[in-house]
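Chain by chain, the residues run as shown.
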Amino acid sequence: MMASREINLEVNEGTDRLDRYLASQLPDLSRSRIQQLISQNCVKVNGQVCASKKIKVETGDRLCIEIPPAEPLEIGATEIPLDILYEDDCLIIINKPAGLVVHPAPGHSDDTLVNALLAHCENLSGIGGVQRPGIVHRLDKDTSGAIVVAKTDHAHQHLQGQIQAKTARRDYLGIIYGVPKTESGTIDAPIARHPHDRQKMAIVPVEKGGRQAVTHWQIKERLGNYTLIHFQLETGRTHQIRLHSAYIGHPIVGDPVYSSGRSLGVNLPGQALHAWSLTLEHPETGETIQAIAPLPDYLHTLLEVLRRRSN
């Protein structure tokens, strides 16, 4: 049985409604989730349970939030074809298509990568937790490309350690609007959940809850008013490349959240962003594995269209 998680805060300054203050301090929790926790008597103010979201908190107040463990999902196996780039008894690397959700969530209970992996792999259930078995890192639903999944607990811990230590290398190819002024660069801008739109992330200072996020980029090809960019992730925050690209004024083509959505006459299933290469150390043998995920056909088509237009 998973234990509850407890968060303790002290109000440093100002006066605000309890739910608003907690939402500003806990960017990973939605406002509605915070209000639900308050109504479930999971929030204490100065040691007393508080069931009112509208109560004012003042400088010096001590807040304690108890977050119950998530309810395990009943995850079933679903036969979904997989494009396998590498597989052994320890791990599997998949070329994920755009449109495929990585793990079950509301609205996607049986049509995800995890459901497909449960049908393909024996004994995957429970590796790294029942809700996201085997998942080491993730890709957005509409981002295609290489993703590694662990088949054993040891492999799961080892691979996650490589991600956290930044020794695993994740390279992406993306097509952006506009042309950067330099050949390469680094975007170092912390990221947190958007304070008002829970579907988006935002650039938020570390002192206000943002988590460090670093993206390296280099121009691969100029395509008129568009550019093919090689991105390398140093960290792996939600929507990191998409948000960072928009932050420097060059959003990813086809991104429904961070760009204007201008049509280029090519039918894209999502943003023009592809996890092209994944390089890691094998958890058992120590050898270097590099998996290359070929660009999907629609990105090849988009590149050809842009090349013709730019000539």
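To be clear, the structure that these remarks concern was listed above.
Residues numbered from 1 in each chain as written. Predicted model: local features only at pLDDT ≥ 70, side-chain atom pairs only at ≥ 80, totals over all residues. Heavy atoms only, no water.

### Examining the overall build of the chain
Helix and strand counts for the chain stand at six helices and 17 strands. For the chain, whose C-alpha radius of gyration is 21 Å, the value lies close to the compact-globule estimate of 19 Å for 311 residues. Seen through its C-alpha atoms, the chain measures out along the principal axes to roughly 65 × 50 × 35 Å. Sorting the 311 residues of the chain into buried and exposed places 47% on the buried side. Excluding contacts between residues fewer than 6 apart, the proportion of contacts in the chain whose partners are at least 24 apart in sequence is 65%. Per element, the accessible surface of the chain, about 15,900 Å² overall, is 46% carbon and sulfur. (Helix = DSSP H or I, 4+ residues; strand = E, 2+ residues; numbered from the N terminus. Rg over C-alpha atoms; globule rule 2.2 N^0.38 Å. Buried < 20%, exposed > 50% of the residue type's maximum accessible area, 1.4 Å probe, protein only. Contact = heavy atoms within 4.5 Å. Areas by Shrake-Rupley, 256 points an atom, 1.4 Å probe, with all protein chains shown as cover.)

### Examining the nonpolar core
Grouped together as the largest cluster of nonpolar side chains are 46 residues, with contacts concentrated most on Leu-117, Tyr-172, Ile-175, Tyr-226, Phe-231, Val-253 and Leu-302. Mapped by element, the contributors of at least two residues to this core are strand S8 (91-96), helix H3 (113-120), strand S9 (144-150), strand S10 (169-177), strand S14 (214-223), strand S15 (226-233), strand S16 (273-281) and helix H6 (297-310). Dropping the residues within four chain positions of it, Tyr-226 is found in contact with Ile-175, Ile-176, Tyr-177, Gly-178, Val-179, Val-253, Leu-264 and Leu-306. Counting 20 residues, the second largest nonpolar core, distinct from the first, contains Ile-7, Leu-9, Leu-18 and Cys-50. (Core = buried A, V, L, I, M, F, W, Y, C linked by side-chain atoms within 4.5 Å.)

### Considerations on the side chain of Thr-112
Locating Thr-112 in the fold gives a position in the loop between S8 and H3. For Thr-112, a relative accessible area of 0% translates into the label buried. Once you skip the residues sitting within four places of it in the chain, Thr-112 turns out to touch Ile-80, Leu-100, Val-101, Val-102, His-103 and Pro-104.

### Notes on helix H4 (residues 153-165)
The end-to-end C-alpha distance of H4 is 18 Å, a good match for the 18 Å that 13 residues give at a rise of 1.5 Å each. Considered for burial, the residues of H4 that qualify are Ala-155, His-156, Leu-159, Gln-162 and Ile-163. Down the axis of H4, the buried set is contained in an arc of 130 degrees. They therefore lie on one face. In H4, the exposed positions angled more than 90 degrees off the buried face are occupied by Gln-157, Gln-164 and Ala-165. Packing partners of the buried residues in H4 comprise S8, S9, S10 and S16. (Expected span 1.5 Å × (residues − 1). Arc of directions from axis to C-beta.)

### Considering helix H1 (residues 18-25)
Those residues of H1 that sit buried are Leu-18, Asp-19, Tyr-21, Leu-22 and Ala-23. Taken together, the buried residues of H1 touch strand S1 (5-10), strand S2 (16-17), helix H2 (31-39), strand S3 (43-45), strand S5 (56-57) and strand S6 (62-67).

### Points about the packing of H1 against H2
In contact at an axis separation of 9 Å, H1 and H2 are set at 125 degrees when each is read in the N-to-C sense. The orientation of H1 relative to H2 falls into the category oblique. The hand of the H1/H2 crossing is right-handed. Where H1 abuts H2, its residues Leu-18, Asp-19, Arg-20, Leu-22 and Ala-23 lie against Arg-31, Ile-34, Gln-35 and Ile-38. Its residues placed into classes, the contact of H1 with H2 shows five nonpolar, one polar and three charged. (Axes fitted to C-alpha atoms, helices over the stretch in contact; angles between N-to-C directions. Parallel < 35°, antiparallel > 145°, perpendicular 65-115°, else oblique. Left-handed = near helix turned anticlockwise from the far one by under 90°. Nonpolar A, V, L, I, M, F, W, Y, C, P; charged D, E, K, R; others polar.)

### Looking at the pattern of salt bridges
Enumeration according to the criterion identifies 11 salt bridges in this entry. Of the charged contacts, one joins Glu-221 and Arg-307 as a salt bridge, the two residues approaching to 2.8 Å between their closest N and O atoms. Pair noted here: Glu-221 is in strand S14 and Arg-307 is in helix H6, with a separation of 86 residues, a long-range link. The class for Glu-221 is partly exposed, based on a relative accessible area of 23%. (Salt bridge = Lys/Arg side-chain N within 4 Å of Asp/Glu carboxyl O.)

### Describing the pairing of S15
Extensive coverage of S15 is indicated by the burial of seven of its eight residues. Pairing between S10 and S15: eight bridges, direction antiparallel. Note on S15: the bridge partner recorded for Tyr-177 is Tyr-226. The sheet contact formed by S14 and S15 spans eight bridges and is antiparallel. When the bridges of S15 are listed, Leu-223 appears paired with Tyr-226. Counted along the chain from S14 to the antiparallel partner S15, the turn is two residues long, and its residue Gly-224 has a positive phi close to 70 degrees. (Pairing = 2+ DSSP bridges.)

### Topic: the sheet that holds strand S4 (residues 48-49)
Ordered in space as S1-S6-S3-S4, the four strands form an open sheet in which the pairing is antiparallel. Two strands close off the open sheet at either side, each with one partner strand: S1 and S4. Sheet strands in contact with H1 are S1, S3 and S6, and its direction is about 75 degrees off that of S6. The strands touched by H2 within the sheet are S3 and S6, with S6 carrying the most contacts at an inclination of about 95 degrees.

### Observations regarding unusual backbone geometry
The phi dihedral of Asn-41 is positive, around 65 degrees, even though this residue is not glycine. The residue Asn-41 is located in the loop between H2 and S3 in this model. Assessed through its relative accessible area of 47%, Asn-41 is described here as partly exposed. Residues other than glycine seldom take positive phi values, yet His-239 does so here, at roughly 60 degrees. Looking at the secondary structure, you find His-239 in the loop between S15 and helix H5 (240-247).

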